[in-house]
Amino acid sequence: MASTSLAALSSQLASSGRLRRRGALSSAVARPRLVFRHPPKGKPNPPSRFTRRAARCLPISYSAVSAGGSRCRLAFICNAQAVPPTSIAQGTPVRPTSILVVGATGTLGRQVVRRALDEGYDVRCLVRPRPAPADFLRDWGATVVNADLSKPETIPATLVGIHTVIDCATGRPEEPIRTVDWEGKVALIQCAKAMGIQKYVFYSIHNCDKHPEVPLMEIKYCTEKFIQDSGLDYIIIRLCGFMQGLIGQYAVPILEEKSVWGTDAPTRIAYMDTQDVARLTFIAMRNEKASKKLLTFAGPRAWTTQEVITLCERLAGQDANVTTVPVAVLRFTRQLTRFFQWTNDVADRLAFSEVLSSDTVFSAPMNETYQLLGVDAKDILSLEKYLQEYFTNILKKLKDIKAQSKQTDIFF
């Protein structure tokens, strides 16, 4: 596959003139238009296999037209169109080892970068302009380029000479969920198609197709459909939960004798180490049988919140001060925040918290995935071993610090 000339591509993409925002590219990065609408009373939208369950759950029509015209259950209509074939002169062939990691500074993204560098890939990281530069990525040996998914005109230059895009990005907590996770992703996928990217790896959420009432999960599901209809060669990976997130949520508060927040719900989550997620991702990328597959990565065992807290207590050698938040309180708070426009984003995120606090099981059988990828299940780190290693190391450091200092109260 030949690399593209950015000047030639920009000229072609700008020719139709559909997108006029800040002189941005045109149809290849057409910005999705959000349209909220209620169906006429007594005349609901015609049901389809993507809208049936949503019609039963929600008072407004949930539909989004993807690149191939299929409809997803989403609270707005996307007018993004399929990118027409682009005829660009042949150039220097793109190396299969050239990858772009989007969301490289996140919990998963940085592990993907490290793994890629360790395996000899040429890594380029797309990072939003920020006051504190991502110098650690450069120190590791990656190339850092500044761009912003919410500004489509900044995307094409980051894709020049790239073979594979690995999309780990998600919006910041203070941002509207749709800005990056839907509008930005549509622009990125369209640019990838226009510029001849040969593989697109997208991380989604397990069970996202079963919860149309949760905006983040609905957006993930519709993004999956958009990628599948785009014509790109892709791998979609659904994730259940990260072990790394448990450190700040449970391990550190227990060591500091602070409150640990939990719910009274029996939710079970099969947490996985992000290093294992990164390793399996690159195995899948090199496996032709994984092309255009939807895979789910889950840890060896699904855990409830109480089981995780009990494990942390045992490894830390001290009891936790647990503050339980009833699921009914989360549900009421979500409904309350829906009344005000300026708190809609809070309500969207509370909807996700509500699902995580329900009786849903975030886990999946991994035998077929291990067989497809040629991976031994014994090589996947268990949560017990992960937390044991953490507490062993941190308690040893605390002991060394106390031996060198008269201070008895040490906080992280």
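No experiment lies behind these values; they were computed from the predicted model shown.

Asks: It is not clear to me how the overall build of the protein should be interpreted in this structure. Could you clarify?
Replies: Looking only at helices and strands, the protein has 14 helices and 13 strands in total. Looking at the 412 residues of the protein, the share that counts as buried comes to 52%. Nonlocal contacts in the protein, meaning residues at least 24 apart in sequence, comprise 74% of its contacts between residues at least 6 apart. Within the structure as shown, the protein displays about 20000 Å² of accessible surface, and the carbon and sulfur contribution to it stands at 51%.

Asks: It is not clear to me how the pattern of salt bridges should be interpreted in this structure. Could you clarify?
Replies: Side-chain pairs of opposite charge can arise whenever the charged atoms involved come near each other. Under the criterion given, the structure shown has 13 salt bridges. The residue K220 makes a salt bridge to D181 at a minimum N-O spacing of 3.9 Å. Of this pair, K220 sits in helix α7 (residues 215–230) while D181 sits in helix α6 (residues 177–194); the two residues are 39 residues apart in sequence, bridging distant segments of the chain. A salt bridge links R279 to D276; the shortest N-O distance between them is 3.6 Å. With a gap of three residues between them, R279 and D276 both fall in helix α9 (residues 274–285), about one helical turn apart. With a relative accessible area of 7%, D276 lands in the buried category.

Asks: How should the packing of helix α3 (residues 107–118) against α9 be read in this particular structure?
Replies: Describing two packed helices takes the angle between their axes plus the distance from one axis to the other. Between α3 and α9, the least distance of the axes is 9 Å, while the angle of their chain directions is 50°. Looking at the two axes, α3 sits oblique to α9. Relative to α9, α3 is oriented so that their crossing is right-handed. Counted together, T107, L108, Q111, V112, R115 and A116 of α3 and T274, Q275, V277, A278, R279 and F282 of α9 form the full contact between these two elements. For the contact of α3 with α9, the per-class residue count stands at six nonpolar, four polar and two charged.

Asks: Any chance you could explain helix α10 (residues 305–316) here in plain terms?
Replies: Three- or four-residue spacings in an α-helix give side chains the same orientation, since the helix completes a turn every 3.6 residues. For α10, with 12 residues, the first-to-last C-alpha span of 16 Å sits near the 16 Å given by 1.5 Å per residue. Residues T305, V308, I309, L311, C312, E313, L315 and A316 constitute the buried set of α10. At the exit of α10 stands G317, carrying a positive phi of roughly 75°.

Asks: Even after reading the chapter, I still don't get the packing of aromatic side chains, so can you show me in this structure?
Replies: Any aromatic ring pair is given by two values, namely how distant the centres are and how the planes are angled relative to each other. Enumeration according to the criterion identifies four aromatic pairs in this entry. Ring geometry for W182 against F226: centres 6.2 Å apart, planes inclined by 75°, an arrangement best described as edge-to-face. Remark: F226 occurs in helix α7 and W182 occurs in helix α6; sequence separation between them is 44 residues. Overall, the relative accessible area of 1% leaves W182 in the buried class.

Asks: Honestly, the side chain of D167 in this entry has me stumped. Any pointers?
Replies: Counting through the fold element by element, D167 comes out in strand β6 (residues 164–167). Look at D167 and you get buried, because its relative accessible area is 0%. In this structure the side chain of D167 is engaged in a polar contact, spanning 3.1 Å, whose partner is the backbone nitrogen of A169. A distance of 3.2 Å separates a polar atom in the side chain of D167 from a polar atom in the side chain of K185. Leave out the neighbours within four places in its chain, and D167 touches V102, K185, L188, Y200, V201, F202 and Y203.

Asks: Looking at this structure, I do not really get the environment of H163. What am I missing?
Replies: When you line up the elements, H163 lands in the loop between α5 (156–159) and β6. By relative accessible area, which is 12% here, H163 ends up buried. Separated by 34 residues in the primary sequence, H163 and I197 have C-alpha atoms spaced 5.5 Å apart. Ignoring any residue separated from it by four or fewer positions in sequence, one finds H163 in contact with V94, R95, P96, S98, I197, Q198 and K199. At 2.7 Å, the side chain of H163 and the side chain of T164 are in polar contact.

Asks: I tried to follow the nonpolar core on my own but got confused; where do I start?
Replies: For soluble globular proteins, nonpolar side chains are generally found buried alongside one another. Counting residues in hydrophobic clusters, the biggest one holds 104 residues, and the most contacted among them are V123, F297, L383 and F391. With nine residues, α6 is the single largest residue contributor to this core. With sequence-adjacent residues up to four places away left out, L383 is seen in contact with M243, L246, Y271, W303, V308 and L311.

Asks: So what exactly am I meant to see when it comes to unusual backbone geometry here?
Replies: Most peptide bonds adopt trans geometry, and most residues besides glycine take a negative phi value. A positive phi angle, close to 70°, is found at N207, a residue other than glycine. On the secondary structure map, N207 appears in the loop between β7 (199–205) and α7. If you check the backbone angles, E257 has positive phi at about 60° while not being a glycine. Along the chain, E257 turns up in the loop between α8 (245–255) and β9 (259–263). Taking relative accessible area as the criterion, E257 reaches 66% and is therefore assigned exposed.

Asks: Can you help me understand the sheet that holds strand β3 (residues 98–102) in this one?
Replies: Strand pairing in a sheet relies on backbone hydrogen bonds. The paired strands run either parallel or antiparallel. Read from one edge of the open sheet, seven strands run β5-β4-β3-β6-β7-β8-β11, paired in parallel fashion. With one partner strand each, in any of the chains shown, β5 (143–146) and β11 (293–297) form the two edges of the open sheet. Direction aside, the axes of adjacent strands within the sheet are offset by 20° on average. As paired elements, β3 and β6 share four bridges and run parallel to each other. What sits directly across from I99, in β6, is T164. Taken strand by strand, α7 contacts β7, β8 (234–239) and β11, and its axis lies near 155° from that of β7. Contacts from α9 reach β3, β6, β7, β8 and β11 within the one sheet, and its direction differs from that of β7 by about 140°.

Asks: Any chance you could explain the side chain of E313 here in plain terms?
Replies: Assignment of secondary structure puts E313 in helix α10. For the buried residue E313, which engages in no salt bridge, the nearest side chain bearing the opposite charge is R314, 9.1 Å off. Contact partners of E313, with chain neighbours within four places excluded, come to I254, Q318, D319 and A320.

The rules behind these values
Residues numbered from 1 in each chain as written. Predicted model: local features only at pLDDT ≥ 70, side-chain atom pairs only at ≥ 80, totals over all residues. Heavy atoms only, no water. Helix = DSSP H or I, 4+ residues; strand = E, 2+ residues; numbered from the N terminus. Buried < 20%, exposed > 50% of the residue type's maximum accessible area, 1.4 Å probe, protein only. Contact = heavy atoms within 4.5 Å. Areas by Shrake-Rupley, 256 points an atom, 1.4 Å probe, with all protein chains shown as cover. Salt bridge = Lys/Arg side-chain N within 4 Å of Asp/Glu carboxyl O. Axes fitted to C-alpha atoms, helices over the stretch in contact; angles between N-to-C directions. Parallel < 35°, antiparallel > 145°, perpendicular 65-115°, else oblique. Left-handed = near helix turned anticlockwise from the far one by under 90°. Nonpolar A, V, L, I, M, F, W, Y, C, P; charged D, E, K, R; others polar. Expected span 1.5 Å × (residues − 1). Phe/Tyr/Trp six-rings, centres within 6.5 Å; stacked < 30°, edge-to-face > 60°. Polar contact = N/O pair within 3.5 Å; in protein donor to acceptor, adjacent residues only side chain to side chain. Core = buried A, V, L, I, M, F, W, Y, C linked by side-chain atoms within 4.5 Å. Pairing = 2+ DSSP bridges. Lys, Arg positive; Asp, Glu negative; His and termini not counted.

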